[in-house]
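# Per-entry structural report
Residues per chain, in single letters:
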Amino acid sequence: MRRMGIHALKALAIRQRQRLRSSEMAFIVLALVAGLAAGWLTNLQGFIAHGIQRLLYGIGDNRLSALGEIRNWWRLLALPLGGLVLVAMTHFLKTRRRAPIDVVEANALHSGRIPFVDNLVISVQTILSNGAGASVGLEAAYAQMGGGVASVLGQWFKLRRSDMRTLVGAGAGAAVGAAFGAPLAGAFYAFEIVIGTYTPAAIAPVVAAALGAAFVTRALGVEPYLIATAADRTLTTGDYFIYTILGLACALVGIAMMRLVTFAEQKMQGVSGRIARWKPVIGGFLLMPLAMVTPQTLSAGHGAMHLNIAMQPALQFLVTVLVLKVLASAISIAFGFRGGLFFASLFIGSLVGLIFAALASMAGIALDINDAALVGMSALAVSVVGGPMTLAMLMLETTHDFALMGVVLTASLVSSALTRETFGYSFSTWRLHVRGSIIRSPRDIGWMLALTAGRIMRKDWKNAAASLSVADFRAQVPLGSTSKAILLDDEGHYAGIVATASAYNPELAPDTQVGTLATLQANTLSPVTDIRAMLKAFDLAVADELAVVDGVGNVVGVVTERHARRRYFEEIEASQRELFGEN
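Notes on the structure in this doc start here. (Residues numbered from 1 in each chain as written. Predicted model: local features only at pLDDT ≥ 70, side-chain atom pairs only at ≥ 80, totals over all residues. Heavy atoms only, no water.)

## Regarding the sheet that holds strand 3 (residues 494–499)
Heads up, the condition is: At least two DSSP bridges between two strands are required for those strands to pair. Secondary structure follows DSSP: runs of H or I at least 4 residues long count as helices, runs of E at least 2 residues long count as strands, and numbering of each begins at the N terminus. Working convention: axes come from line fits to C-alpha atoms, limited for helices to the stretch in contact. Angles between N-to-C directions cover 0 to 180 degrees.
The 3 strands are arranged 1-2-3 in an open sheet whose pairing can be described as mixed. If you trace the sheet from one side to the other, it starts and ends with strand 1 (463–465) and strand 3, each paired once. Geometrically, the sheet is characterised by an average inter-axis angle of 35° between neighbouring strands, direction not taken into account. The pairing of strand 1 with strand 2 (residues 484–488) spans 3 bridges and is classified as parallel. For N463, the partnering residue across the bridge sits in strand 2 and is I486.

Right, dumping it as structure tokens:
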């Protein structure tokens, strides 16, 4: 009876998996479940991080970065203490041979598959970093756990590649939407940042997940992330021009910040020995004097942003906070604290907007302080994170101000265009690029890496010894039997390719060694060479056929350019069908 029960459960699971693979409505329900889980996990992680801050810094309901000053300097020892915990965690995880896979990398390279342990590692490290007061945001933990839970669900139901990527994007976007109480922003975050494209088939599940996560946030009684604006403004053409300049300025600041963070990170990666092991602790001590100057350098900066917009401090103070906040972010990430720059970039963008408004006022141009701060937030966050529509929807949902949407979108698009033109990456894809990855966006390129020479090669090639005479080669390889032959040296290793017709040239002496006719001796493919590298190799070698050679020089197969290009275009066509839901 027990075996029959187990078999019945397995059969039920198989039927449900088949239903999810064939029913769009069932997939939408699964996305809603993922969104509900993402919303709950987002609020739980935020509660834990803020609880750690309350414990370490003795704050009440106020945000850490909104403190006027740090009255007890010894509380800042929480920074190196948090670094010490990260060091201990790294030591515990030293047996892992690879870095954890984040949601953008998973969707671009791994078909949305994320080991659940990776989700826990990234989440715990981010919560510890933010809770200790490091200048990083919690969005890395939110998106990772939201997308990670969705990935686990997708793997359990054995979803198709395209459905898995959509579900992971929906979970990650739902988590970010839950953090702000902004479901539309979360949906666009999924499309622009994690999935990489807007797809008709993905709209319903992504929106369902985002709405589910926002419902959890409101059901838990968490107040939505709101910013007051001046709703009675009149925006003119001149305002659009001025805010376009602000968008350009934000793009320049964003690019400079990303380069500074990466420069610092690379410098610290070059540090070896005992110092490298204790980097988070050293970074914590370096952050302490910055926090003594102003607590606004601590954490992501949400509280400080609201405080500055309300208090409108002096220009000198804003410039000081801007410089110190950028420096704190660079130190935090370079010295091993885990987190993202999305939430921090919102605060830094508000500082740029406030500074811009102050400078414009000195030049005789009157700008609304709130408007400038909000436009700066969007434009700089777009430069760092990408996704202009994500930030436009975020501003709309957090301000409820439709009149401001025009200038926000204008500045965001200008910032995005300048960043893409001069830099080409968002912060997440830029860091992956620095590590040697080929990712430039969350667009799915995993199939390119999976389509290797070892998968598409044929194994029915004709081979001959390079030491054969032309006469012996002709006897062994009749004219018309094959267009080319693989030549092998005395040890059986690859020695080049010879065209059969060239060996039958009547002007050749019969005793000529056929090895002298070999070509492409230095042009080979490895079994793990991906399709992009294969096509490039064919172009560089000006060849229509290349041998696939293993690590010791043995020929294991042959790939023709015609077959490689046909498989490449077949995969592109398949990805286009998935894009429009034509599975």
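And the narrative resumes.
## Quick word on the side chain of T166
Here is the rule: Per-residue accessibility, obtained with a 1.4 Å probe over protein chains only, is compared with the maximum for each type, and a residue is labelled buried under 20%, exposed over 50%, and partly exposed between these values. We call two residues in contact whenever any of their non-hydrogen atoms come within 4.5 Å of each other.
When you line up the elements, T166 lands in helix 7 (residues 161–180). Judged by its relative accessible area of 11%, T166 falls in the buried class. With residues up to four places along the chain from it excluded, the contact list for T166 reads F27, I195, A202, P205 and V206.

## Examining unusual backbone geometry
In the Ramachandran plot, K158 falls in the positive-phi region, its phi being about 55° despite a non-glycine side chain. Considering the arrangement of structural elements, one finds K158 in the loop between helix 6 (139–156) and helix 7. You will see that V542, though not glycine, has its phi angle at about 50°, which is positive. Positionally, V542 belongs in the loop between helix 24 (531–541) and strand 5 (545–549).

## Here's the deal with the sheet that holds strand 6 (residues 555–560)
Read across the open sheet, the 3 strands follow the order 4-5-6; overall the sheet is mixed. In the strand order of this sheet, the two ends are held by strand 4 (524–525) and strand 6, each with one partner. Contacting strand 4, strand 5 and strand 6, helix 24 crosses the sheet at an angle of about 125° to strand 5.

## Some details on helix 14 (residues 315–334)
Quick note on the threshold: How far a helix is expected to stretch is found by multiplying one less than its residue total by 1.5 Å.
When the terminal C-alpha atoms of helix 14 are compared, their 29 Å separation across 20 residues agrees well with the 28 Å that a helix rising 1.5 Å per residue should span. One or two residues past the end of helix 14 sits G336, with phi positive at roughly 100°.

## What to know about the side chain of N130
With respect to the helices and strands, the residue N130 is situated in helix 5 (residues 116–132). Classification of N130 as buried rests on a relative accessible area of 2%. Aside from chain neighbours lying at most four places away, what touches N130 is A49, Q53, V136, G137, L138, S299 and A300.

## A few points about the pattern of salt bridges
This is how the line gets drawn: By definition, a salt bridge exists where a carboxyl oxygen of Asp or Glu is found within 4 Å of a side-chain nitrogen of Lys or Arg.
Under the counting rule described, the total for this entry stands at 6 salt bridges. For R458, the salt bridge goes to D460, with nearest N and O atoms at 2.8 Å. The class for R458 is partly exposed, based on a relative accessible area of 31%. Residue classification places D460 among the exposed residues on the basis of a relative accessible area of 57%. The salt bridge involving E545 is made with R458; its shortest N-O contact spans 3.1 Å. Here E545 is found in strand 5, whereas its partner R458 is found in the loop between helix 21 (453–456) and strand 1, with 87 residues between them in sequence. A relative accessible area of 9% means that E545 is categorised as buried. Counted as one network, the salt bridges with shared partners bring together R458, D460 and E545.

## A closer look at a nonpolar patch on the surface
The cut-off we apply is this: Patch definition: residues with relative accessible area over 30% and no salt bridge; like charges joined within 9 Å; nonpolar side chains (Val, Leu, Ile, Met, Phe, Trp, Tyr) joined within 5 Å. Per-residue and other accessible areas were derived by the Shrake-Rupley procedure at a 1.4 Å probe size, with only the shown protein chains allowed to occlude residues.
Residues L81, L84, V85, I275, W278, I282 and L286 make up a contiguous nonpolar surface patch of about 580 Å² in total accessible area. For the nonpolar patch, the secondary-structure elements that each account for two or more residues are helix 3 (78–92) and helix 12 (279–293).

## With respect to the environment of V408
Mapped onto the elements of the fold, V408 is located in helix 18 (residues 405–422). Given a relative accessible area of 1%, V408 falls into the buried group. Separated by 15 residues in the primary sequence, V408 and M393 place their C-alpha atoms 9.7 Å from one another. With residues up to four places along the chain from it excluded, the contact list for V408 reads V375, S378, A392 and M395.

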